Amino acid sequence: MSKSDQITRNQHYVSRGIQKQFADTKKKVYELFIEKDNLSKKNYDKTMAQNFVYEHPKLSTNYLEKLFSDIEDVYIPKIDSCIAKIEKENLSGINYSQFILRVKEMLPIFMIFYFRSGALLYEYSFSSENPKLDRVERMILNIFDGRYLWGLCETISQFYESSVIVDEKERFLLSDQYISTVALSYKNKFRC
């Protein structure tokens, strides 16, 4: 069996390429299980993943996992490059406006990362009679609805300012993504 034919069991709902930006030098990140009130530090290869989370009987095996992997292969290096430039030029008092266009160009990919996140997978399956199937179907509806995805990206680009809060050593503390998600409530999605 070739590598492309193998079934990926441990499927990440938060990309390892994203997690590595928050990892320490030992490739570890903190993971909090709210239901179990358990905070632990784990290698990002082994966290924010679930067995067969993207599998669905109407899709070929590994279809979504492969799709997300292909997207990551293209965009994670672009994200890494952008972050590296920001970090390098931050020391010289950079004007961040030069990065706004790059971020806007990648916004649909960021939305795909967001729509496949653990928080939204949980949200998709909330009060469902068949949570494993419904979460995949609802995620697919958001990711593959081009009109909704592009409309949402356009709305964010035109009417939304984002923030990242850092400490005095320029270490990441908080993004407003959580705050805006709570404020906008995913259950009240809108179409443009």
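Here's a quick rundown of the structure. (Residues numbered from 1 in each chain as written. Predicted model: local features only at pLDDT ≥ 70, side-chain atom pairs only at ≥ 80, totals over all residues. Heavy atoms only, no water.)

A tally of helices and strands in the protein chain yields seven helices and six strands. Listed by position from the N terminus, the elements making up the protein chain come as β-α-β-β-β-α-α-α-α-α-β-β-α. In the protein chain, which comprises 192 residues, the proportion classed as buried is 30%. Total accessible area on the protein chain stands at roughly 13,200 Å², and carbon and sulfur atoms take up 56% of it. (Helix = DSSP H or I, 4+ residues; strand = E, 2+ residues; numbered from the N terminus. Buried < 20%, exposed > 50% of the residue type's maximum accessible area, 1.4 Å probe, protein only. Areas by Shrake-Rupley, 256 points an atom, 1.4 Å probe, with all protein chains shown as cover.)

What follows deals with the side chain of histidine 56. Relative to the helices and strands, histidine 56 is located in the loop between β4 (49-51) and α2 (63-90). The class of histidine 56 is buried, set by a relative accessible area of 8%. Within the structure, the side chain of histidine 56 is placed 2.7 Å from the side chain of glutamate 137, a separation counted as a polar contact. Here histidine 56 is in contact with Leu133, Val136 and Glu137, once residues within four sequence places are set aside. (Polar contact = N/O pair within 3.5 Å; in protein donor to acceptor, adjacent residues only side chain to side chain. Contact = heavy atoms within 4.5 Å.)

Moving on to the packing of helix α4 (residues 118-125) against helix α5 (residues 131-144). Packed helices, taken two at a time, are described by the angle between their axes plus the distance between the axes. Viewed as axis vectors pointing N to C, α4 and α5 meet at an angle of 115°, and their least axial separation amounts to 8 Å. Of the two possible hands of crossing, α4 and α5 adopt the one that is right-handed. Contacts between α4 and α5 involve Leu121, Tyr124 and Ser125 from the first element and Pro131, Asp134, Arg135, Arg138, Met139 and Asn142 from the second. Taken together, the residues that form the contact of α4 with α5 break down as four nonpolar, two polar and three charged. (Axes fitted to C-alpha atoms, helices over the stretch in contact; angles between N-to-C directions. Left-handed = near helix turned anticlockwise from the far one by under 90°. Nonpolar A, V, L, I, M, F, W, Y, C, P; charged D, E, K, R; others polar.)

In terms of nonpolar packing, the biggest core is built from 27 residues, with Tyr54, Phe68, Met111, Phe115 and Met139 touching the most fellow members. The set of elements that each furnish at least two residues to this core consists of α2, α3 (97-115), α4, α5 and α6 (146-159). The biggest single contributor to this core is α3, with eight residues. (Core = buried A, V, L, I, M, F, W, Y, C linked by side-chain atoms within 4.5 Å.)

Under the defined criterion, the tally for this structure stands at four aromatic pairs. Aromatic pair phenylalanine 115 and tyrosine 148: ring centres 6.0 Å apart, planes at 40°, arrangement tilted. Remark: tyrosine 148 occurs in helix α6 and phenylalanine 115 occurs in helix α3; sequence separation between them is 33 residues. Across this residue pair, the class does not change: phenylalanine 115 and tyrosine 148 are buried. Relative to phenylalanine 126, the ring of tyrosine 122 lies with its centre 6.3 Å away and its plane at 50°, an arrangement referred to as tilted. The exposure class assigned to phenylalanine 126 is partly exposed, which follows from its relative accessible area of 46%. (Phe/Tyr/Trp six-rings, centres within 6.5 Å; stacked < 30°, edge-to-face > 60°.)

Another aspect to go through is a nonpolar patch on the surface. Taken together, Tyr30, Leu32, Ile34 and Leu39 make up a surface patch of nonpolar side chains, about 490 Å² in accessible area. Of note, leucine 32 is situated in strand β2 (residues 28-33). (Patch = residues over 30% accessible without salt bridge, like charges linked within 9 Å, V, L, I, M, F, W, Y side chains within 5 Å. Salt bridge = Lys/Arg side-chain N within 4 Å of Asp/Glu carboxyl O.)

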